[in-house]
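# Fold and geometry: a report
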Amino acid sequence: MSSHSALIVIDVQQSFLHRPFWDERALPAFRAPLLKLIAGCRAQGVPVVHILHEDGDGPFSAASGLVRIMDWLPDNADATFTKHVHNALTDSGLHEWLEQHAITRLIIAGIRTEQCCETTARVASDLGYAVDFVSEATLTFAMTHPHSGRTYTAQELREHTELVLAGRFAALHSVASCLAALPAQN
C-alpha cells in the first residue's frame, strides 16, 4: 500500500439509530473491527477522516441534531466532512483535502456497505485513488427487492458488493490484512 493513505469512515452517525431498518444486534460485529481498524491506522500514522451524511427531513437533516458520529466512535478525526450525496468525494470538500495532503490511497469503512461505502469506492477509483475496501468494517441491513419480494440478507449484500468491487474498483481487505500491508506514513 502507498504510504499516502487515509482511512475514510463513512456515515457512522446517530441518524441510523432512528431508521426503521436499524438492527442493534448487528452493531457489535461491526463496531469491533471498525475500532480495531481505526486504532491500527492511528498507530501507523494514517489520518482518519469522518464523513457525515446530511439531507432532507428526518434523522439525516441538520435540524434533527442526529447528524453526528455515534457515541462509541472516537471523535479525534483528523478531518470531518459532510456530504449530501451517496459518495463522499464530490460535494463535501474531501477530495480537495485529500489532494492537499497528497493522499493517493483510501481505506473505506462505514455504513452502508452497498450504498455510500460502495459508491465512494467506485467514485474514488474513477478519480484515480487506489482503494482498499474493508468489508468487515462496514455495516448494512437486509433489503427486500421491490419486484420479486425476495429479502437479501446483510451478508448477501456485502458479498455482492465485494464481487462487483474486487479487482475493478478496489482491493478487498480484512482489518488484519489492511493493517499488515500498510507501511508507516512518511
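Residues numbered from 1 in each chain as written. Predicted model: local features only at pLDDT ≥ 70, side-chain atom pairs only at ≥ 80, totals over all residues. Heavy atoms only, no water.

### Quick notes on the overall build of the protein
Along the backbone of the protein there are 5 helices and 8 strands. Its C-alpha atoms give the protein a radius of gyration of 16 Å, near enough to 16 Å, the size a compact globule of 186 residues would have. With the C-alpha coordinates of the protein rotated into their principal frame, the extents come out at 50 × 35 × 30 Å. Per-residue burial over the protein gives 48% buried out of 186 residues. (Helix = DSSP H or I, 4+ residues; strand = E, 2+ residues; numbered from the N terminus. Rg over C-alpha atoms; globule rule 2.2 N^0.38 Å. Buried < 20%, exposed > 50% of the residue type's maximum accessible area, 1.4 Å probe, protein only.)

### Quick look at helix 4 (residues 154-165)
When the terminal C-alpha atoms of helix 4 are compared, their 16 Å separation across 12 residues agrees well with the 16 Å that a helix rising 1.5 Å per residue should span. For helix 4, the set of buried residues is L157, R158, T161, V164 and L165. An end-on view of helix 4 places all buried positions within 135° of arc, on one side of the element. Those residues of helix 4 hidden inside the fold are in contact with helix 3 (113-126), strand 5 (130-139), strand 6 (143-144) and strand 7 (151-152). In the stretch just after helix 4, G167 is the one whose phi turns positive, near 75°. (Expected span 1.5 Å × (residues − 1). Arc of directions from axis to C-beta. Contact = heavy atoms within 4.5 Å.)

### A short note on the sheet that holds strand 1 (residues 5-10)
Spatially, the 6 strands line up as an open sheet ordered 3-2-1-4-5-8, and their pairing is parallel. Strand pairing shows two members of the sheet lacking a second neighbour, strand 3 (79-83) and strand 8 (171-173), which therefore form its edges. Each strand of the sheet is rotated relative to its neighbour by a mean of 25°, with strand direction disregarded. In the sheet, strand 5 pairs with strand 8 via 3 bridges, with the strands oriented parallel. Bridge pairing in strand 8 places F133 opposite L172. Against the sheet, helix 4 touches strand 5 and strand 8, its axis set at about 175° to strand 5. (Pairing = 2+ DSSP bridges. Axes fitted to C-alpha atoms, helices over the stretch in contact; angles between N-to-C directions.)

### Some points on the environment of L172
Turning to its location among the elements, L172 is positioned in strand 8. The exposure class of L172 is partly exposed, given its relative accessible area of 36%. For the pair L172 and I107, spaced 65 residues apart in sequence, the C-alpha separation works out to 9.9 Å. For L172, the contacting residues outside a window of four places in its chain are F133, E162 and A166.

### Some points on the nonpolar core
Most often, soluble globular proteins keep nonpolar side chains buried together rather than apart. Counting residues in hydrophobic clusters, the biggest one holds 31 residues, and the most contacted among them are L7, V12, L34, L37, C41 and I111. Listed by contribution, the elements that provide at least two residues to this core are strand 1, helix 1 (27-43), strand 2 (48-53), strand 4 (105-111), strand 5 and helix 5 (175-180). Per-element accounting of this core gives the leading share, 6 residues, to helix 1. With residues up to four places along the chain from it excluded, the contact list for C41 reads L7, V46, V48, I107, L179 and L182. Within the second largest apolar cluster, 24 residues are counted, among which are L94, W97, A121 and L165. (Core = buried A, V, L, I, M, F, W, Y, C linked by side-chain atoms within 4.5 Å.)

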